[in-house]
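What follows is each chain in one-letter form.
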Amino acid sequence: MIEHEMTKEELLEELRATRNRVEELEAAVQRQSTSPKAENSSEERPPDKEGDRDPAETRDFLHGILNSSTLVSIVLTDLDQNVLFWNTGAQNMFGYSSEEMLGSKVTRLYPPDSLAKETVEALRTMVRKKSGAVHGKMKQLSKAGDALTISLALSPMMDTSGEVKGILGVGLDVTEEEKQELEILRLFDQVRRTQDAAIFALAKLAESRDEETGAHLVRIQSYTRLLCECIAGKEDFREIVTPQYIEDLVRSAVLHDIGKVSIPDSVLLSPGGFSPEDHRIMMKHTIAGGKALEEAAEKLGASSFLTLGMEVAYYHHERWDGSGYPFGLAGEAIPLSARIVAVADVYDALTTERRYKKAFSHKAACTSIDEGKSAQFDPRLVDAFIKAEKEFRQVRDTVSE
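Residues numbered from 1 in each chain as written. Predicted model: local features only at pLDDT ≥ 70, side-chain atom pairs only at ≥ 80, totals over all residues. Heavy atoms only, no water.

1. Observations concerning unusual backbone geometry
Note: most residues except glycine have negative phi, and most peptide bonds are trans. The amide bond that connects Tyr325 to the next residue, Pro326, takes the cis arrangement and shows omega of 10 degrees. You can see Pro326 is positioned in the loop between helix 11 (305-315) and helix 12 (336-350). Even without glycine at this site, Gln81 takes up a positive phi of about 70 degrees. One non-glycine residue, Ser374, lies in positive phi territory at about 70 degrees. Here Ser374 shows up in the loop between helix 13 (362-371) and helix 14 (379-387). Given the relative accessible area of 40%, Ser374 is considered partly exposed. (Helix = DSSP H or I, 4+ residues; strand = E, 2+ residues; numbered from the N terminus. Buried < 20%, exposed > 50% of the residue type's maximum accessible area, 1.4 Å probe, protein only.)

Next comes the structure, spelled out in structure tokens:
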């Protein structure tokens, strides 16, 4: 009777110890079968060496050790998948006794969809090479019909001549651990979706004061993703534009104009063009938004999507040639996140009708962005935009106001 539940570390330690004992005893059996025997030797042989055990005694001793592993399944099959050995751990794990399993097919443990093609191919390769092991998680069924997740290691078992005679499987039940991992992932996804909804709602509230809509934000996210995917594999960007970077930037891109909440309606909703003073006030939205997100990121105490949001809010009106605002940064000094969102934001602004202007056609917008190459925009991002311009147009036509 087990007095306490073993931890994963204890189980793994038991597994490692068992494997070591198996290897030692296999070596002892091989030494017994291959070592020359002195014929007429009157010298008494020490009884305590493993290599001097009687083969039957050694086999029984080996079985005893394997059966002592009560929480780790150890199963030996021949090459036709017939069970040759079934230890106490396997009985405890699956509910089948040794009598029930010996001589039967080990595949009775597997649901129909559990033998993945990759695992079968890896096993065949292992047998052909007569070395190595296959490791992975597999779905298996207990006698009661319960679905189990088993962390399984399969190794070839060879005779003294080096021929593969069977497969040794050593397994650890990780069903509960997997359930806990899935629950953590579910909760994480729920938190992430809640965050996304809150971020989008906050951004939409800010944008709505400037006649923008939720469709504008959706398009900005789509354009940002398109540009990221175009440059992700290129030498200049591959170290930065990782899958995680793309997801974080797409999430945070909607916050680029969050600082507009600080701009007075008299300026933000001015029916005509901005006066020099109005323009000076409008430029402050980058500082207001960037500072708010910077403080939020600092409270988290770690780099996150809010860090990219801060970069985008601060710098998406900077220009490649250094003539932008609020800091007059130029070239690579402008964070990549802001350079990407700048292209996305300008394309959407050009192709959207406003009270003070008509919408540009897709072709005219592309021409305008191309003319801004190396002046307003990073030239490499303009190249990526031109490459993806058909996809940009599709988003523009699909995600309407």
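Picking up where we left off.
2. Describing the sheet that holds strand 2 (residues 83-86)
Read from one edge to the other, the open sheet built from five strands follows the order 2-1-5-4-3, with strand pairing classed as antiparallel. Every interior strand has two partners, whereas the edge strands, strand 2 and strand 3 (134-141), have only one. Averaged over all neighbouring strand pairs, the angle between strand axes comes to 30 degrees, with direction disregarded. In the sheet, strand 4 (residues 147-158) pairs with strand 5 (residues 164-173) via nine bridges, with the strands oriented antiparallel. Paired with Met157 across the strands is Gly166, a residue of strand 5. (Pairing = 2+ DSSP bridges. Axes fitted to C-alpha atoms, helices over the stretch in contact; angles between N-to-C directions.)

3. Looking at the nonpolar core
Counting residues in each nonpolar core, the largest one holds 34 residues, and the members touching the most others are Val241, Leu249, Ile340, Phe385 and Phe392. For Leu249, the contacting residues outside a window of four places in its chain are Thr224, Cys228, Leu308, Val312, Ser337, Ile340 and Val341. If you look at the next biggest cluster of nonpolar residues, it comprises 18 residues, including Val75, Val83, Tyr96 and Ile150. (Core = buried A, V, L, I, M, F, W, Y, C linked by side-chain atoms within 4.5 Å. Contact = heavy atoms within 4.5 Å.)

4. Some details on the side chain of Ser142
The topology assignment puts Ser142 in the loop between strand 3 and strand 4. Accessibility expressed as a relative area gives 10% for Ser142, which makes it buried. Excluding residues within four positions of it along the chain, Ser142 makes contact with Met93, Phe94, Tyr96 and Leu148.

5. Section: the pattern of salt bridges
Tallied over the full model, the rule gives 19 salt bridges. The salt bridge partner of Lys291 is Glu295, with a shortest N-O separation of 3.8 Å. Taken together, the positions of Lys291 and Glu295, both in helix 10 (residues 276-300) and four residues apart, correspond to about one turn of that helix. What makes Lys291 partly exposed here is its relative accessible area of 46%. In this structure, a network of salt bridges that share partners links the residues Asp236, Glu332, Arg339, Asp378 and Arg380. (Salt bridge = Lys/Arg side-chain N within 4 Å of Asp/Glu carboxyl O.)

6. Considerations on helix 14
Those residues of helix 14 that sit buried are Pro379, Leu381, Val382, Ala384 and Phe385. Its side-chain oxygen at 3.0 Å from the backbone nitrogen of Arg380, Asp378 defines the N-terminal cap of helix 14. (Polar contact = N/O pair within 3.5 Å; in protein donor to acceptor, adjacent residues only side chain to side chain.)

7. Points about the pairing of strand 3
Two strands pair when backbone bridges link them, and strand 3 and strand 4 are joined in this way by eight bridges, in the antiparallel orientation. By the bridge assignment, Val134 is partnered in strand 4 with Leu154. Where strand 3 hands over to strand 4, the hairpin turn is made up of five residues, of which Gly145 adopts a positive phi near 90 degrees.

8. Side note on empty space enclosed by the protein
Following the criterion strictly, the structure yields one cavity of 30 Å³ or more and no others. In the lining of the largest cavity, the residues fall into five nonpolar, one polar and four charged. (1 Å grid on protein atoms, 1.4 Å probe; cavity = no way out; pocket = protein on both sides within 12 Å on 5 of 7 lines; lining within 4 Å. Points joined across faces, edges and corners; volume = space filled by probe spheres on them. Nonpolar A, V, L, I, M, F, W, Y, C, P; charged D, E, K, R; others polar.)

9. A short note on the environment of Glu177
Tracing the backbone through its elements, the reader meets Glu177 in helix 6 (residues 175-208). Judged by relative accessible area, Glu177 falls into the partly exposed class, the value being 24%. Sequence separation between Glu177 and Thr149 is 28 residues; the distance between their C-alpha atoms is 9.1 Å.

10. Here's the deal with the confidence of the model for the protein
Predicted confidence across the protein gives a mean pLDDT of 79, with 71% of residues reaching 70 or more. Mean pLDDT values for the elements of the protein range from 53 in helix 2 (residues 55-67) up to 97 in helix 14. Considering only residues more than four positions removed or in separate chains, one finds that residues 1-5, a stretch of pLDDT under 50, has three contacts. Below pLDDT 50 for its whole length, residues 37-51 participates in 11 contacts with residues either more than four positions away or in separate chains. (pLDDT = per-residue confidence, 0-100.)

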